[in-house]
Amino acid sequence: MHHTIHRMTQILARSLALLGFTGLLILSILVVLDIILRTVADYPLKGVNDISAMVMAVVISACIPQSLLIKQSISVDVLGQFLGGRAELLLNAVASLAVLVFFGLLAWQFVPYAASVSASGERTWVLQWPVGPWWYVATGCFIVSALTQAMVLIDDIISVALGRPWAAGSTPIDGSL
Amino acid sequence: MDPLTVAGIGFALMFALIALHVPIGIAMGFVGVGGFAFIVGWQPALSLLASEPAATLTNLNLAVIPLFMLMGNLAAAAGLANDVYNIAHAFIGHRKGGLATATVLGSGGFGAVCGSGVATTATFGRVALPEMLERGYAPSLASGAIAAGGTLGIIVPPSTIMVLYAILTEQFVVDLFTAALIPALLAVLLYALAVRATVTFNRSAAAEIAPLSWRDRLAALRKGWGVVLLSVVVLGGIYAGIFTVNEAAAVGVVVSFVFLLARRGLDVKELTAILVSASTATAMIYVMVFGATIFSYFMTITDAPAVIVDAITAMDLPPLGVIVMFLLLYIVLGAFFDEVAAMIITIPFVIPVVQHLGFDLVWWGIINVIVIEIGMITPPIGINVMVLNAMRRDIALPQIYKGIFPFFIADMIRLAILVAFPALTLWLPRLLQ
Amino acid sequence: IATGATAETLRFSSIEPPVAFLTSKVFSAWGKAVEDATAGEVKVKIFAGGTLGRSPAQQLKLVEDGVADVAFIVPGYNPGVFPGVIVGELPFVVPSAKAGSLAMWSVYEQGLLEGDFDKYKIIALFTSSPQYVASKPEIRMPSDLQGRNFRASSPSLLAVIEDMGAVAVGGITGPTVAESLSRGVIEGSFNEWNAIKSYRIADAIDHVLEVPMGTSPLMIVMNKARFEGLSEAAQAGIDAVSGATFATAFGDAFDAQIAATRADYVAQGRIAITVPDRATLDAWKAASQPVIDDWLAAAPGRPALLAAYRAAIGE
Ligand code: NA
Ligand code: NA
């Protein structure tokens, strides 16, 4: 049971990240098309600029669950390494709890935020697309983030109980800062 | 309670959370919300958890970070880093320590198409490290050159750190990219001298290699057009005023994507890995910015930054003395923190002071980037060293740090030169304005 | 935080930098006026340059959430929230910042403006002075816009220039206009002289054609609960220096600043400034009429609103 949920979370987080950055790649291609069309054909694409802010909001929020799942974050583990053993595992669990509380609060605050943007009828400038739905999608990503982090926390608690790292994903280092 | 006390308690709590291994962005976010709630009230404070991330997510200036991330990862996968390294190798590889110098030059060249220091390090860890080791270079020199060379990824424009600094201090990022050119050249030059010094003092650090024929050299040169094209399109486009920075980054993504397709074909699995790895690195930065912006609300509302500016002004110290004090502060913080985090945490205090003392914020941004470069290769958290160590478990950390030492000295000399002569940094951006 | 026993400090958020004239002159003068009118019971502390939130679109939310008590709002960044103020964006309606601002307050008091106004305490409503065609190539007639990339500062103006055959470019905020102009993303924009100066648009353009293509409506809003939590005397004090009084102060300062800035550019002589003749004005007016007609037809109260707004300006 736990393994199934674990697997599903992994697939969901990774798919969201992949979907997000595929969107970014497509947005880049649109920008290039826009540049080519406006210089060569004197006919720019309408609205590329207009939607990019909302596309970016969705792209980035879609990446967060995966980064939580693999624990890719800027943090300081000096104390944990100094203490070692079960104390380090306990610190990891405490940190994971903090991350869960943060994203829980964030997701909770985003629901009324998306609702209020939708209710106000805000639209994009040129294409007149409603802005609200985009924020609901982003809110959905934050809810998935919180659920993913809950998964991570459970893993960390199991690690503390076992006294050894358990089921933790490894952290790929390529492509960070 | 007076503002300084509130801010001080906030800082202490933040440090405590960070010591408990809470990610820095999250720690800043918690203290920001809690502190703001303490002064203004819970409801407005909690609302910041939606409105600030929302503003950050839709900030198009910040959007160049994921684009530069993706561009660098695509370019590396397309083998563009190999190309630059091969050119430098072909021309100077046969000299004493030539492969290490080629690594430095290659990293600098690849830095022109990659915005990240860690990605540059990881890339050259794959491209240059095996060859140097095979050819009998001491692991210390080989890994030192790669870890130090990797820092060039953030001082050679484009640079994600400069984008971050520009956004948080409201500077025009192109000014920073322009200002970085001379310091970046200086960095490459001093690193080459550091290699020279290493092989002079320790003749066994590098092995002899036969020179390549001119035919091979020209062949390497011919293959290098990819990097040249990509960097000319991206940086040339920005400097010449053809593209906005966002457009240039998008063009860079597409060009490097085309290179990847042309050279490696469509490998869905590889492309997936590239996209996912760039995405998680991006998410990490954004979460940090969420926290930093929420934290800055708390700092603003306490008025502490203004109080500190007044206090430092009242002390009537020589401006350069204050700058040196800040640099020492960063070195101390660097012992506990990632330097990027240190920069972000201190921006609300340091920037008003630097500005008040009459220093240029573009210059200070470049100095900050160099401090971060130094932090990337110094203990206890030298991220580039960690990356190399994770890639090659057989090279011990002390060995890498030993190899880095000459490059560290080179960095200190560069820092001193650029602090003493701000004109080296500011001359170009003023010329181009 | 409070300095006296009963003193209340209002946090006033302004995206304009502390040195910009709106913040340094107009908003801080209002803050002082509030302090005087409430006999020191209410003080105003200005957080300028976006220190309480950098994004212009976010300012309204800051007031709603109580992060800021008062904020300077550009409703154009929150399209759809205060549709009524669009009456000030229509071309050839507003002659000056003062007239436009006073008339906006008048129609607001008459209850003619559609929008989320009841959610907030409206401190004041303004319009900028009319925006002109600021461009790199020379633009004389509406037909000169054919096939060109232009940035419009409002959806109605956007519709107008699309009618004229221009390609409307969105996603460009005031501070990025100059960069977009110099990189060829756009060839022109609609701005008044203050914006042309403060956003450094002047460096990137060669021509300004002074046809009054509508204004940018502006607002000062306050958190309603915060206002109602103040004593009755304090509320009356704030009301006394807000509304029409504030609109007059704003309009006078804005128009004076525009005149001074324009004079500077005339003296410099680098930008070709064209004051339109009758025929030019008529051509632009005719070209923008269809959009005004569409706007009027889109909701029942609009013809009455425009008539009342015009009447208030005429006074
Ligand atoms: Na770079
Ligand atoms: Na370090």
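Nothing here was measured: the structure is a model prediction, and the numbers come from that model. (Residues numbered from 1 in each chain as written. Chains lettered and ligands numbered in written order. Predicted model: local features only at pLDDT ≥ 70, side-chain atom pairs only at ≥ 80, totals over all residues. Heavy atoms only, no water.)

1. What about the interface of chain A and chain B?
Where interface size is quoted, it is often the accessible area lost as the parts come together.
Move 1: Facing 53 residues of chain A, the contacting portion of chain B comprises 69 residues.
Move 2: Summed over both partners, the interface of chain A with chain B buries about 5400 Å², with 79% contributed by carbon and sulfur atoms.
Move 3: Summed over the shared surface of chain A and chain B, the result is 0 salt bridges.
Move 4: Our count for the contact surface shared by chain A and chain B stands at 2 residue pairs in polar contact (both at pLDDT 80 or more).
Move 5: Of all the elements in the fold, those that place two or more residues in the side of chain A that touches chain B are helix 1 (2-41), helix 2 (48-69), helix 4 (85-120) and helix 5 (132-162) of chain A.
Move 6: It is helix 4 of chain A that provides the largest number of residues to the side of chain A that touches chain B, a total of 14 residues. (Contact = heavy atoms within 4.5 Å. Buried area = accessible area lost by both parts, 1.4 Å probe. Salt bridge = Lys/Arg side-chain N within 4 Å of Asp/Glu carboxyl O. Polar contact = N/O pair within 3.5 Å; in protein donor to acceptor, adjacent residues only side chain to side chain. Helix = DSSP H or I, 4+ residues; strand = E, 2+ residues; numbered from the N terminus.)

2. Things to note about the sheet that holds strand 10 (residues 217-223) of chain C
Residue and element names in this part refer to chain C.
Move 1: Ordered by their spatial adjacency, 5 strands build an open sheet running 2-1-3-10-4, and the pairing between neighbours is mixed. Only two strands of the sheet have a single partner each, and these edge strands are strand 2 (42-47) and strand 4 (120-127). Averaged over all adjacent pairs, the angle separating strand axes in this sheet is 20°, with direction ignored.
Move 2: Pairing geometry for strand 1 (residues 8-13) and strand 3 (residues 70-73), over 2 bridges, is parallel. Across the sheet, the residue bridging to Phe-12 is Val-70, located in strand 3. (Pairing = 2+ DSSP bridges. Axes fitted to C-alpha atoms, helices over the stretch in contact; angles between N-to-C directions.)

3. Some points on the sheet that holds strand 7 (residues 167-169) of chain C
Residue and element names in this part refer to chain C.
Move 1: Strand order in the open sheet made by the 6 strands is 7-6-8-5-9-11, with mixed pairing throughout. The open sheet terminates on both sides in strands that have one partner only, identified here as strand 7 and strand 11 (272-274). Direction aside, the axes of adjacent strands within the sheet are offset by 25° on average.
Move 2: Taken together, the 3 bridges between strand 6 (residues 149-151) and strand 7 define a ladder with parallel strand orientation. The residue bridging Asn-149 from the neighbouring strand is Val-167, located in strand 7.
Move 3: Sitting on the sheet, helix 4 (residues 155-163) touches strand 6, strand 7 and strand 8 (188-191), and the angle it makes with strand 7 is about 155°.

4. Some words on the domain arrangement of chain B
Residue and element names in this part refer to chain B.
Move 1: Segmentation of chain B into domains returns domain 1 (1-58 + 289-302) and domain 2 (59-265 + 303-432).
Move 2: Spacing between the C-alpha centres of domain 1 and domain 2 amounts to 31 Å.
Move 3: If you look at the interface, domain 1 gives 20 residues, while domain 2 gives 16 residues.
Move 4: When domain 1 packs against domain 2, the two sides together hide about 1400 Å² of surface, and 82% of this comes from carbon and sulfur.
Move 5: Applying the counting criterion to the domain 1 and domain 2 interface returns 0 salt bridges. (Domains from an automatic or database assignment.)

5. Comments concerning the pairing of strand 5 (residues 132-135) of chain C
Residues and elements named next belong to chain C.
Move 1: Neither face of strand 5 is open: one carries Tyr-132 and Ala-134, the other Val-133 and Ser-135, and all of them are buried.
Move 2: With 4 bridges connecting them, strand 5 and strand 8 associate as antiparallel partners. Note that in strand 8 the partner of Tyr-132 across the bridge is Asn-191.
Move 3: Pairing of strand 5 with strand 9 (residues 207-209), which is carried by 3 bridges, proceeds in the antiparallel orientation. Note that in strand 9 the partner of Ser-135 across the bridge is His-207. (Buried < 20%, exposed > 50% of the residue type's maximum accessible area, 1.4 Å probe, protein only.)

6. Regarding the interface of chain C and chain B
Move 1: Across the boundary between the two partners, chain C contributes 20 residues, which contact 27 residues of chain B.
Move 2: Overall, the association of chain C and chain B removes approximately 1800 Å² of surface from exposure, summing both partners, and the carbon and sulfur fraction of that is 56%.
Move 3: A per-residue breakdown of the area chain C buries against chain B is headed by Arg-54, Val-67 and Arg-183 of chain C, which together make up 33% of the total.
Move 4: At the junction of chain C with chain B, the criterion picks out 0 salt bridges.
Move 5: For the pair chain C and chain B, the interface holds 5 residue pairs in polar contact (both at pLDDT 80 or more).
Move 6: When the residues that make up the side of chain C that touches chain B are grouped by side-chain class, the tally is 6 nonpolar, 7 polar and 7 charged. (Nonpolar A, V, L, I, M, F, W, Y, C, P; charged D, E, K, R; others polar.)

7. Details of a nonpolar patch on the surface
Move 1: A cluster of nonpolar side chains, contributed by Leu-79, Phe-82, Leu-83, Leu-90 and Val-94 of chain A together with Leu-20 of chain B, occupies part of the molecular surface with about 550 Å² of accessible area.
Move 2: Where the nonpolar patch is concerned, the elements lending two or more residues are helix 3 (78-83) and helix 4 of chain A.
Move 3: Among the elements that line the nonpolar patch, the one with the most residues is helix 3 of chain A, at 3 residues.
Move 4: As for its placement among the helices and strands, Leu-79 of chain A is situated in helix 3.
Move 5: What makes Leu-79 of chain A partly exposed here is its relative accessible area of 34%. (Patch = residues over 30% accessible without salt bridge, like charges linked within 9 Å, V, L, I, M, F, W, Y side chains within 5 Å. Areas by Shrake-Rupley, 256 points an atom, 1.4 Å probe, with all protein chains shown as cover.)

8. What to know about the packing of aromatic side chains
Move 1: Enumeration according to the criterion identifies 38 aromatic pairs over all chains in this entry.
Move 2: With a centroid separation of 5.3 Å and an interplanar angle of 65°, the aromatic rings of Phe-11 of chain B and Phe-349 of chain B are classed as edge-to-face. Separated by 338 residues along the polypeptide, Phe-11 of chain B in helix 1 (residues 3-19) and Phe-349 of chain B in helix 19 (residues 339-356) bring together distant segments of the chain. We note that Phe-11 of chain B, like Phe-349 of chain B, is buried.
Move 3: Among the aromatic residues, those joined into a cluster by ring pairs are Phe-12, Phe-21, Phe-27, Trp-30, Phe-72, Phe-126, Phe-246, Phe-250 and Phe-254 of chain C.
Move 4: A cation over an aromatic ring shows up here: Arg-217 of chain B above the ring of Trp-214 of chain B, its NZ or CZ 4.7 Å from the ring centre.
Move 5: Over the face of the ring belonging to Phe-227 of chain C we find Lys-121 of chain C, whose NZ or CZ atom lies 4.3 Å from the ring centre. (Phe/Tyr/Trp six-rings, centres within 6.5 Å; stacked < 30°, edge-to-face > 60°. Lys NZ or Arg CZ within 6 Å of the ring centre and 35° of its normal.)

9. Notes on unusual backbone geometry
Move 1: Of the consecutive residues Pro-157 of chain B and Pro-158 of chain B, the connecting peptide bond is found in the cis state with omega at 0°.
Move 2: In this fold, Pro-158 of chain B is placed in the loop between helix 9 (139-155) and helix 10 (160-169).
Move 3: Within the chain, Lys-71 of chain A stands out as a residue other than glycine whose phi angle is a positive 55°.
Move 4: Of note in this structure, Asp-316 of chain B is not a glycine but carries a positive phi near 60°.
Move 5: Looking at the secondary structure, you find Asp-316 of chain B in the loop between helix 17 (304-315) and helix 18 (319-334).

10. Thoughts on helix 11 (residues 302-314) of chain C
Residues and elements named next belong to chain C.
Move 1: The end-to-end C-alpha distance of helix 11 is 18 Å, a good match for the 18 Å that 13 residues give at a rise of 1.5 Å each.
Move 2: Of the residues making up helix 11, those classed as buried are Arg-302, Leu-305, Leu-306, Ala-308, Tyr-309, Ala-312 and Ile-313. Down the axis of helix 11, the sector holding all buried residues measures 165°, keeping them to one side.
Move 3: Those residues of helix 11 hidden inside the fold are in contact with helix 3 (97-109), strand 4 and helix 10 (278-298). (Expected span 1.5 Å × (residues − 1). Arc of directions from axis to C-beta.)

11. Digging into the pattern of salt bridges
Opposite charge on two side chains permits pairing when their charged atoms draw close.
Move 1: On inspection of all chains with the given rule, the structure shows 24 salt bridges over all chains.
Move 2: Between Arg-135 of chain B and Glu-131 of chain B there is a salt bridge whose closest N-O contact spans 3.4 Å.
Move 3: The class of Arg-135 of chain B is partly exposed, set by a relative accessible area of 38%.
Move 4: Judged by its relative accessible area of 17%, Glu-131 of chain B is buried.
Move 5: A salt bridge links Arg-430 of chain B to Asp-360 of chain B; the nearest nitrogen and oxygen atoms lie 3.2 Å apart. A residue pair is termed long-range when its members are at least 10 positions apart, and Arg-430 of chain B in helix 23 (residues 423-432) and Asp-360 of chain B in the loop between helix 19 and helix 20 (361-376) qualify at 70 residues.
Move 6: The class for Arg-430 of chain B is exposed, based on a relative accessible area of 54%.
Move 7: Residue Asp-360 of chain B is classed as partly exposed on the basis of its relative accessible area of 25%.
Move 8: Overlapping salt bridges bring together Glu-8, Arg-11, Asp-69 and Arg-226 of chain C as one network.

12. Brief notes about the nonpolar core
Move 1: Counting 221 residues, the largest nonpolar core has Phe-103 and Trp-135 of chain A together with Leu-70 and Trp-364 of chain B as its most contacted members.
Move 2: Ranked by residues supplied to this core, first place goes to helix 16 (residues 268-302) of chain B with 20 residues.
Move 3: Mapping this core onto the domain boundaries places at least three of its residues in each of domain 1 (1-58 + 289-302) and domain 2 (59-265 + 303-432) of chain B.
Move 4: Discounting residues that sit within four places of it in the chain, Phe-103 of chain A has contacts with Ile-64, Leu-68, Phe-142, Ser-145 and Ala-146 of chain A together with Ile-26 and Val-287 of chain B.
Move 5: Counting 47 residues, the second largest nonpolar core, distinct from the first, contains Val-70, Phe-72, Ile-205 and Val-208 of chain C. (Core = buried A, V, L, I, M, F, W, Y, C linked by side-chain atoms within 4.5 Å.)

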